[in-house]
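Here is what each chain is made of, one letter per residue.
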Amino acid sequence: MGKGGGCVPSKKRKPLVVSDDPPNADTDIPVPLPDTAIPESGGFNSPPKLRIFIVFYSMYGHVEILARRIKLGVDSIDGVEGVLFRVPETMVPEVLEQMRVPQKADDVPVMSAVAELAEADGLLFGFPTRYGAMAAQMKAFFDSTGQLWREQKLAGVPAGFFVSTGTQGGGQETTVFMDKIVTPAVMMFGERFWKLIALTLLEHYNWTAITQLAHHGMLYVPIGYTFGTGMFKMDSIRGGSPYGAGVFSGDGTREPSETELALAEHQGKYMASIVKRFGRPRTLQT
């Protein structure tokens, strides 16, 4: 795993639960969105439910917690359902045991055949970060979609991302950025600047993954600032960005805050509304 990348093993690890850092009722809860922000549904007569596949890799559980909360958001939109999938693990069990990786729940199947992606009406991909990019397990999964790419089976499918990263400084490998921008800015703005950098890095991790969507012809759907004014707050650590939901995991023991989970649920609702407006169940397509 990378420095400042994803989670790292900790002897003090405790089961992940939602933290007691509640969202601020005035700033962290999604504001009511205008009709143009979350579109109305199309005019189908009782079609089969649209399906959004939530495909993720989660080593220590942080991304999985986001994925399950995203599913709640998707399922709350009438006519749309979220379907959870894991990507295959690439590390051998002996190594995972040494890294104290917990066992995975049995209720989420592994997507062993990438051809299943073509059955989705929308896609959301979740992953932790390694060296400022997606985890190798998720990259290996994307690398196995060559046949779908050759046939452009995913072209036109709405898709988005959600992420987890270990630290605020993960991914700061660009020397020029550090020397020419970060150091002077820290001297001028102090701690508030580092919080801004943390959010910027989460955006960077999503940006490095957008190329996967572009080559498949998928339609990238960011959430923008539809979550509300809480996205502008800088007085506490909060994962997530206009690119999608996110969580800071620290050494693996930091618990997702309720605000981070609320943003994940919002992303599920938002993606479901977009798919509902523009999507047509693939079972009806010819």
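A. Fine view of the side chain of arginine 69. You can see arginine 69 is positioned in helix α1 (residues 62-75). You can call arginine 69 buried: its relative accessible area is 18%. The residues touching arginine 69, leaving out its near neighbours within four places in the chain, are Glu258, Leu261, Ala262, Ala264 and Glu265.

B. Geometry of the packing of aromatic side chains. Applying the stated rule across the entire model yields 7 aromatic pairs. Between phenylalanine 127 and phenylalanine 161 the ring centres are 5.8 Å apart and the planes differ by 70°, which places this aromatic pair in the edge-to-face class. Taken as a pair, phenylalanine 127 in strand β3 (residues 122-130) and phenylalanine 161 in strand β5 (residues 158-165) lie far apart in primary sequence, 34 residues in all. Classification of phenylalanine 127 by relative accessible area gives buried; the value is 0%. Under the relative-accessibility criterion, phenylalanine 161 is labelled buried at 0%. Within the aromatic cluster, the residues linked to one another by ring pairs are Phe125, Phe127, Phe141, Phe142, Phe161, Tyr220 and Tyr243.

C. Spotlight on the pattern of salt bridges. Overall, the coordinates contain 11 salt bridges when judged by the stated rule. A salt bridge links glutamate 64 to arginine 68; the shortest N-O distance between them is 2.9 Å. Taken as a pair, glutamate 64 and arginine 68 lie in helix α1 at a separation of 4 residues, close to a single helical turn. By relative accessible area, which is 11% here, glutamate 64 ends up buried. When its relative accessible area of 30% is taken as the criterion, arginine 68 is described as partly exposed. Linking aspartate 75 and lysine 71 is a salt bridge whose minimum nitrogen-to-oxygen distance equals 2.9 Å. Of this pair, aspartate 75 and lysine 71 both sit in helix α1, 4 residues apart, which is roughly one turn of that helix. For aspartate 75, a relative accessible area of 35% puts it in the partly exposed group.

D. Broad picture of the packing of α1 against helix α7 (residues 258-278). Remark: α1 packs on α7, axes separated minimally by 7 Å, with the N-to-C direction vectors making an angle of 45°. When the interaxial angle is binned, α1 and α7 end up oblique. Every pair of crossing elements has a handedness; the one defined by α1 and α7 is right-handed. Listed contacts from α7 to Ile65, Leu66, Arg69, Ile70, Gly73 and Val74 of α1 are Glu258, Glu260, Leu261, Ala262, Ala264, Glu265, Gln267, Gly268, Lys269 and Ala272. Across the contact of α1 with α7, the residue classes tally to 8 nonpolar, 3 polar and 5 charged.

Calculation rules
Residues numbered from 1 in each chain as written. Predicted model: local features only at pLDDT ≥ 70, side-chain atom pairs only at ≥ 80, totals over all residues. Heavy atoms only, no water. Helix = DSSP H or I, 4+ residues; strand = E, 2+ residues; numbered from the N terminus. Buried < 20%, exposed > 50% of the residue type's maximum accessible area, 1.4 Å probe, protein only. Contact = heavy atoms within 4.5 Å. Phe/Tyr/Trp six-rings, centres within 6.5 Å; stacked < 30°, edge-to-face > 60°. Salt bridge = Lys/Arg side-chain N within 4 Å of Asp/Glu carboxyl O. Axes fitted to C-alpha atoms, helices over the stretch in contact; angles between N-to-C directions. Parallel < 35°, antiparallel > 145°, perpendicular 65-115°, else oblique. Left-handed = near helix turned anticlockwise from the far one by under 90°. Nonpolar A, V, L, I, M, F, W, Y, C, P; charged D, E, K, R; others polar.

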